[in-house]
Amino acid sequence: MNYLLGAFKPACNISITFTDGKNRKQVPTKKDNGQIVMNPLFQSQETIAGKINIEPYQGKKVEHNGVKVELLGQIEMYFDRGNFYDFTSLVREIDVPGEIYERKTYPFEFSSVEMPYETYNGVNVRLRYVLKVTVTRGYAGSIVEYQDFVVRNYVPLPPINNSIKMEVGIEDCLHIEFEYNKSKYHLKDVILGKIYFLLVRIKIKNMDLEIRRRESTGAGANTHVETETLAKFELMDGAPVRGESIPVRVFLTPYDLTPTHKNINNKFSVKYYLNLVLVDEEDRRYFKQQEITLYRLKEETS
Amino acid sequence: MRTLAGVEDEDKWLAEGIAGIQHNAFFMHRALDANNLREVLKYSALMLSELRTSKLSPQKYYDLYMRAFDQLRQLEIFFKDESRHGLPVVDLYELVQHAGNILPRMYLLCTVGSVYIKSKQAPSKDVLKDLVEMCRGVQHPIRGLFLRSYLAQVSRDKLPEIGSDYEGDANTVMDAVEFVLQNFTEMNKLWVRIQHQGPGTVREKQEKERNELRDLVGKNLHVLGQIEGVDLEMYKETVLPRVLEQVVNCKDKLAQYYLMECIIQVFPDEYHLQTLETLLAACTQLMPTVDTKIVLTQLMDRLSNYAASSPDVLHEFLQVEAFAKLSNAIGKVIDTQLEMPIVGAMTLFVSLLTFTLRVHPDRLDYVDQVLGACVVKLSSVPKLEDARAMKQVVALLSAPLEKYSDIVTALTLSNYPRVMDHLDDGTNKVMAMLIIQSIMKTDSCISTADKVEVLFELIKGLIKDLDETNAEELDEEDFQEEQNSVARLIHMLDNEEPEEMLKIICVVRRHLMTGGPRRLPFTVPPLVFSAVRLVRQLESQGGDIAGEDSATPRKIFQILNQTIEVLTSVPCPELALRLYLQCAEAASDCDLEPVAYEFFTQAFMLYEEEIADSKAQVTAIHLIVGTLQRINVFGVENRDTLTHKATGYSARLLKKPDQCRAVYACSHLFWVDDPDGIKDGERVLLCLRRALRIANAAQQMASATRGSSGPVTLFVEILNKYIYFFEKGNPHITPSDIQSLIELINNEMQSDNGNTTIHSDPFFTSTLRYIKFIKQKGGLMGEKYDPIKL
């Protein structure tokens, strides 16, 4: 029995710890099985360093043809499951071939790693960063251990941030002018604005502001587009009259948003839209969609 | 949809809503107990979502709202205690705004906002401004109204008014005003909008529902009225113009009416006075269907009450020329609101007049001005037919009468009669009666001919037939009452100065003469007596004769003669006769023999020519005899002529008993019990004997026709006359005459009642008792009676 167990169990336990793992900010990440795990947070140009412990199970020795650690940046398309496109791949050989008899610790360091893309978990695509430790063995198959980590990149305040102002309408039926104070919002921003009703000939029941995410994957004929409504925020209840102006104030904090991603490694894009929806008493919807750019602003406090 | 559903359904929906609130409130309370903020927010939002219903009428919705309101109080307590939820209030303020549905979000925001202000971590004005602005998101009229009323309620004690904790630094009372004004404006818009929803068929119901909601809007004005620190300047520059702008611009009849009413009620009187112009200008801009008159009336009522409250404020009224402004505004309203019924205009005038009378009682010209405006208005419309309008005009005309106890004041108003001209005949009469009653009540005396002229012009409805009066329609009793009033009025016209009095009499006469046969019998007698009184006054003053035109008795008698003459043509001879006799007596007192004679002549002529009824003749004869007896002015010749005539008439009466009585009455004509009166004992006796003869004849006639002679009354009466003259010392009456007359009566009685019981005549018995008594008494008179044996 013991023998059998031993045969299927990996020969050793590999654990990866980061140098400043105790102090580093951890962010929750949803795993494939729906579990939420906490992973350390990095940003581009940071040095990723730590220790790798390899501890053979009792009384076993691990023969190997070398130990290496890789830092991988991968894009995974769900319709093309199992295929990863590595856009970043750094390797450190940490041990020459040999045998490990007892617990052994290897320090590692990738200094100033260029990680241009943020970790992203979408509907059809996933971008992740991972440390991969491989104990290479000949016949018995290599022993591999992964440690995910999260990358978020902060950008400074955009120098130009125009408001969005637009007049739309249906002739002799509805004319509105809306204004959002910016076109670029950071993830904890507040959308402020106003909706002016210039002409109202329909009986409006209510008005919502939706935040929609448009994720497009692939390229050319194989492009997949997935649109999700992440937020539905009621701006107005009841029917306004001509001349009425309705305030807009939407806090972005409660919503699970990411920065806008444009053409990430030619694999995917994520865009955000504000969709203003007016519903009339017959439940007809009138809407106008406007793209906004989301970005991640460095938080002062953290 | 709601309006089509039955009440039952609505009750069901309300029950469901309440159940929903209770259900979520239960979980909210659990979370409150556990200090679990996230859960609290979740369940409170769910609870408040019940208020999103569109199915309930305002009344039912209010019920639901109150349930939620109670729960929100609990929530507020929780929000106040940072130790329980562990979040700074500013974060809380953001957090509640994450709620996806606007209505729960706004209720929560208002609740936290009130806590936020209380914490003083932010200037109250900023929070208030934010709240009132964010509430714009709720555009549904009923939900919006209730939400904003919630906001008004939670913020009421947190306004930065003077003396409050929240005032100071950047927060001024102006911010408080601004906040309330804005909330008011928005609420009013929502309120007005209700009518534009739903089909027109349910308009009436909507009106009713809107009416139920009006106090929510009006509450804001109450708050404005109560904010400490709103001084006149601010009221004038900000509050009033803004409120009025909203009122005028909303162009809604119900709202305009209600809000104007509110404005007038909630703000202080002195503010109204100082902003009168603005306020009135707004009144003229209201929708034509708004009952502006009630609004203005209320305003004027308030102002006049204010004026009445203290004499110190009166100068303010003068300062702002309140009257001119009001008068102007009313003119404008009447001019612009063409559809306003005439009754409306009249009501306005009444109010303005009431105002004037109370505020400027000394300014008669104002009163006249109001009446003048009224005349102009009345002239612009066809004949007044609306009974209510008529009533208002009567009220308008009565007001000065009541105010000025002296009727004379009203008589100086030049427009007064012109207004009266616009009344219909019936109302004109009513008004005239009111005027007369007013005079009677105040017991005021009209003392100049001019005033009398005006007065009679006013009451001409009573004095003469107006155009189309239909005599048959008149109620006899009413007519009599009216004419009696006129008669009473004539006695109120008095002046010590004979000249003026004469003028008055002439004026009155001129008017009365137009009255026609139906009125003259009522109106001439008082006039005559009034004149006679003047004559007597002149007489007592010595009757100096000043000049040709002055008041002399002779002249007055001429007038009287002419006046009474009219009555004969009415015809009303009996009355004329009495008046002639009255005048004759007065003339006699003035020593005007020819005049007195003339009057008697007239009286006799009337008797001969006009009085045919035997009963009337009897009465007339007695009147003539009575008067003639008292008159001592005549010389022997004239007197003889007249007495002869009188006795002649007496003897020619139809019925014997009447003849008899008239004849023995004539006996007095020859015996005036005055020191220098005529005492012709012989002719007295002749008269009495003649009376006895007639009595005898009457008795015989009676027994001939009825088989029994009549009672002995006539004899007893003659006996009494005998006794009278006997006692007065007429030498031709002897005790034996009396003795024989008594026996005669006794005989008559026995022969009459021979076969039956002796039935004694009470008159006779008491006469005998009298003689006995005198005899027993003795003395000079007793001795005289001595020869008489009973």
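As recorded in UniProt, chain B goes by Vacuolar protein sorting-associated protein 35B and comes from Arabidopsis thaliana. What UniProt records for chain B under Subunit is the sentence "Component of the retromer complex which consists of VPS29 (MAG1), VPS26 (VPS26A or VPS26B), VPS35 (VPS35A or VPS35B or VPS35C), VPS5/17 (SNX1 or SNX2A or SNX2B). Component of a retromer subcomplex consisting of VPS29 (MAG1), VPS26 (VPS26A or VPS26B), VPS35 (VPS35A or VPS35B or VPS35C)."

Looking at UniProt, chain A carries the name Vacuolar protein sorting-associated protein 26A, with the source organism given as Arabidopsis thaliana. UniProt lists a comment for chain A under the heading Function, and it reads "Plays a role in vesicular protein sorting. Component of the membrane-associated retromer complex which is essential in endosome-to-Golgi retrograde transport. The VPS29-VPS26-VPS35 subcomplex may be involved in recycling of specific cargos from endosome to the plasma membrane." Of the comments in the UniProt record for chain A, the one headed Subunit reads "Component of the retromer complex which consists of VPS29 (MAG1), VPS26 (VPS26A or VPS26B), VPS35 (VPS35A or VPS35B or VPS35C), VPS5/17 (SNX1 or SNX2A or SNX2B). Component of a retromer subcomplex consisting of VPS29 (MAG1), VPS26 (VPS26A or VPS26B), VPS35 (VPS35A or VPS35B or VPS35C)."

**Topic: the overall build of chain B**
Tallying secondary structure elements over chain B gives 39 helices and zero strands in all. Taking 2.2 N^0.38 as the reference for a compact globule, 790 residues should give roughly 28 Å; the C-alpha atoms of chain B span a radius of gyration of 46 Å, well beyond that estimate. The C-alpha extent of chain B, read off along each of the three principal axes, is 140 × 70 × 55 Å. Out of the 790 residues belonging to chain B, those deemed buried represent 54%. Long-range pairs, those at least 24 residues apart, make up 72% of the contacts in chain B between residues at least 6 apart in sequence. By element, 50% of the accessible surface of chain B is carried by carbon and sulfur atoms, the whole surface being about 35100 Å². With 84 positive and 110 negative side-chain charges, chain B shows a spacing of 4 Å between the two charge centroids.

**Things to note about empty space enclosed by the protein**
Across all of its chains, the model carries three cavities of 30 Å³ or more by this definition. The calculated volume of the largest cavity comes to roughly 60 Å³. In terms of lining residues, the largest cavity is bounded by A:Phe233, A:Leu235, A:Pro247, A:Arg249, B:Gln97, B:Ile102, B:Arg105, B:Met106, B:Met134 and B:Gly137. Mapped by element, the contributors of at least two residues to the lining of the largest cavity are β18 (224–237) and β19 (245–251) of chain A together with α6 (102–119) of chain B. Of all the elements, α6(B) adds the most residues to the lining of the largest cavity, at three residues. Of the residues contributing to the lining of the largest cavity, the split by class is six nonpolar, two polar and two charged. Computed from the structure, the second largest cavity encloses a volume of approximately 50 Å³.

**A closer look at the interface of chain B and chain A**
The extent of an interface is frequently quoted as the accessible surface area lost upon association of the parts. The interface of chain B with chain A comprises 24 residues on the first partner and 21 residues on the second. Buried area between chain B and chain A, summed over both chains or domains, comes out near 1800 Å², and the portion from carbon and sulfur atoms is 46%. For the pair chain B and chain A, the interface holds six salt bridges. Residue A:Glu234 is joined to B:Arg52 by a salt bridge in which the shortest nitrogen-to-oxygen separation is 3.6 Å. There are 13 residue pairs in polar contact (both at pLDDT 80 or more) connecting chain B and chain A. Put simply, the parts of the chain that give the side of chain B that touches chain A at least two residues each are α6, α7 (124–134) and α9 (173–193) of chain B. Among the residues making up the side of chain B that touches chain A, the classes are represented as five nonpolar, nine polar and ten charged.

**Overview of the nonpolar core**
Counting residues in each nonpolar core, the largest one holds 280 residues, and the members touching the most others are B:Phe79, B:Ile263 and B:Phe557. Excluding residues within four positions of it along the chain, B:Ile263 makes contact with B:Leu221, B:Tyr235, B:Leu240, B:Val243, B:Leu244, B:Val247, B:His272 and B:Leu279. The next biggest cluster of nonpolar side chains, apart from the first, holds 72 residues, and it includes A:Leu71, A:Tyr117, A:Tyr129 and A:Leu274.

**Re the environment of B:Asp761**
Residue and element names in this part refer to chain B. Relative to the helices and strands, Asp 761 is located in the loop between α37 (735–753) and α38 (762–777). Each C-alpha atom, one on Asp 761 and one on Val 716, is 9.0 Å from the other, the two residues being 45 residues apart in sequence. Not counting residues up to four positions away in its chain, the partners in contact with Asp 761 are Val 712, Thr 713, Val 716 and Met 749.

**Regarding the pairing of β18(A)**
Residue and element names in this part refer to chain A. As paired elements, strand β17 (residues 204–217) and β18 share twelve bridges and run antiparallel to each other. Its bridge partner being in β18, Thr 217 is matched across the sheet by His 224. Connecting the antiparallel pair β17 and β18 is a turn made up of six residues, with Gly 218 showing a positive phi of about 75°.

**Notes on the packing of helix α18 (residues 342–359) of chain B against helix α20 (residues 387–403) of chain B**
Residues and elements named next belong to chain B. Relative orientation of the contacting elements α18 and α20 amounts to 10°, with a least axis distance of 8 Å. Judged by the inter-axis angle, α18 sits roughly parallel to α20. Contacts between α18 and α20 involve Ile 342, Val 343, Met 346, Thr 347, Phe 349, Val 350, Leu 353 and Leu 357 from the first element and Arg 388, Ala 389, Gln 392, Val 393, Ala 395, Leu 396, Ala 399, Pro 400 and Lys 403 from the second. Tallied by class, residues from the contact of α18 with α20 come to 13 nonpolar, two polar and two charged.

**Focus: the layout of surface pockets**
All names here are of chain A. Taken as a whole, the second largest pocket spans an internal volume of roughly 1000 Å³. Where the lining of the second largest pocket is concerned, the elements lending two or more residues are β2 (26–30), β10 (120–121) and β12 (143–151). Looking at side-chain class alone, the lining of the second largest pocket contains 13 nonpolar, six polar and twelve charged residues. Residues lining the lining of the second largest pocket come from more than one domain, with at least three contributed by each of domain 1 (12–151) and domain 2 (164–295).

**Focus: the pattern of salt bridges**
Within this structure, the stated rule accounts for 46 salt bridges over all chains. A:Asp148 is the salt-bridge partner of A:Arg128, the closest N and O atoms lying 3.2 Å from each other. Here A:Arg128 is found in strand β11 (residues 125–135), whereas its partner A:Asp148 is found in strand β12, with 20 residues between them in sequence. You can call A:Arg128 buried: its relative accessible area is 16%. Between B:Arg302 and B:Asp269 there is a salt bridge, with its nearest N and O atoms 2.7 Å apart. One end of the pair, B:Arg302, is in helix α15 (residues 292–309); the other, B:Asp269, is in helix α13 (residues 269–274), and 33 residues separate them in sequence. By relative accessible area, which is 19% here, B:Arg302 ends up buried. Each member of the salt-bridge network shares a partner with another, and the members are A:Lys194, A:Glu244, B:Glu133, B:Arg136, B:Glu186, B:Lys189 and B:Arg193.

**Things to note about helix α10 (residues 203–226) of chain B**
All names here are of chain B. With 24 residues, α10 extends 34 Å from end C-alpha to end C-alpha; this agrees with the ideal 34 Å at 1.5 Å per step. At Leu 213, α10 shows its maximal bend, which comes to roughly 35°. Listed in full, the buried residues belonging to α10 are Gln 206, Glu 209, Arg 210, Leu 213, Leu 216, Val 217, Gly 218, Asn 220, Leu 221, Val 223 and Leu 224. Contacts from the buried residues of α10 go to α3 (58–80), α8 (141–155), α9, α11 (232–250) and α12 (253–266).

**Thoughts on the sheet that holds strand β4 (residues 48–56) of chain A**
All names here are of chain A. The three strands lie next to each other as β1-β4-β9, forming an open sheet whose pairing is antiparallel. Both outer strands of the open sheet, β1 (12–18) and β9 (104–110), are each paired with one neighbouring strand and no more. When the angles between neighbouring strand axes are averaged without regard to direction, this sheet yields 20°.

Parameters and conventions
All chains use their own residue numbering, which begins from 1 and follows the written sequence. Chain A is the first chain written and ligand 1 is the first ligand written, with later ones labelled in order. Totals for whole chains, interfaces and linings use every residue, but because this is a predicted model, local features are given only for residues with pLDDT of at least 70 and side-chain atom pairs only at 80 or more, for both listing and counting. Computation of side-chain values covers all heavy atoms of the structure but excludes hydrogens and water. UniProt positions are given in the numbering used here, feature names are shortened, and annotations may be inferred rather than shown by experiment. Segments assigned H or I by DSSP are reported as helices when at least four residues long, segments assigned E as strands when at least two residues long, and all are numbered from the N terminus. Based on C-alpha atoms, the radius of gyration is set beside the globule rule, defined as 2.2 Å times the residue count to the power 0.38. For the exposure calls, accessible area comes from a 1.4 Å probe over protein chains only, and a residue counts as buried if that area is under 20% of its type's maximum, exposed if over 50%, partly exposed in between. Contacts were defined at the residue level, with two residues in contact if any of their heavy atoms lie within 4.5 Å. Using the Shrake-Rupley algorithm and a 1.4 Å probe, accessible areas are obtained, with residue cover drawn only from the displayed protein chains. Working convention for charge: Lys and Arg count positive, Asp and Glu count negative, and His plus the chain ends are omitted. To locate a charge, the coordinates of NZ of Lys, CZ of Arg, CG of Asp or CD of Glu are taken. Of the grid points, spaced at 1 Å and generated over the protein atoms alone, those admitting a 1.4 Å probe that cannot get out make up cavities, while open sets with protein on both sides within 12 Å along at least five of seven lines make up pockets; any residue with an atom within 4 Å of a point is treated as lining. Grid points are joined across faces, edges and corners, and a volume is the space filled by probe spheres set on the points. All residues other than Ala, Val, Leu, Ile, Met, Phe, Trp, Tyr, Cys, Pro, Asp, Glu, Lys and Arg, Gly among them, are scored as polar; the first ten of these are nonpolar and the last four charged. Buried area, as used here, totals the accessible surface that two parts lose on assembly, with accessibility defined by a 1.4 Å probe and the loss added over both. Only one rule defines a salt bridge in this text: a Lys or Arg side-chain nitrogen within 4 Å of an Asp or Glu carboxyl oxygen. For this analysis, a polar contact is any N or O atom pair within 3.5 Å, provided that within protein one partner can donate a hydrogen and the other can accept it, and provided that sequence-adjacent residues contribute only side-chain to side-chain pairs. Here, nonpolar core means buried Ala, Val, Leu, Ile, Met, Phe, Trp, Tyr and Cys residues that are tied together by side-chain atoms lying within 4.5 Å of each other. If DSSP finds at least two bridges between two strands, the strands pair. Where helices are involved, their axes are fitted lines through C-alpha atoms of the stretch in contact, as for all axes, and angles between N-to-C directions lie from 0 to 180°. Between 65 and 115 degrees an angle is taken as roughly perpendicular, under 35 as roughly parallel, over 145 as roughly antiparallel, and anywhere else as oblique. An automatic or database domain assignment provides the domain bounds reported here. Helix span, expected: 1.5 Å multiplied by one less than the number of residues in the helix. A residue's bend is given by the angle between axes fitted to the 7 residues ending at it and the 7 residues starting at it.

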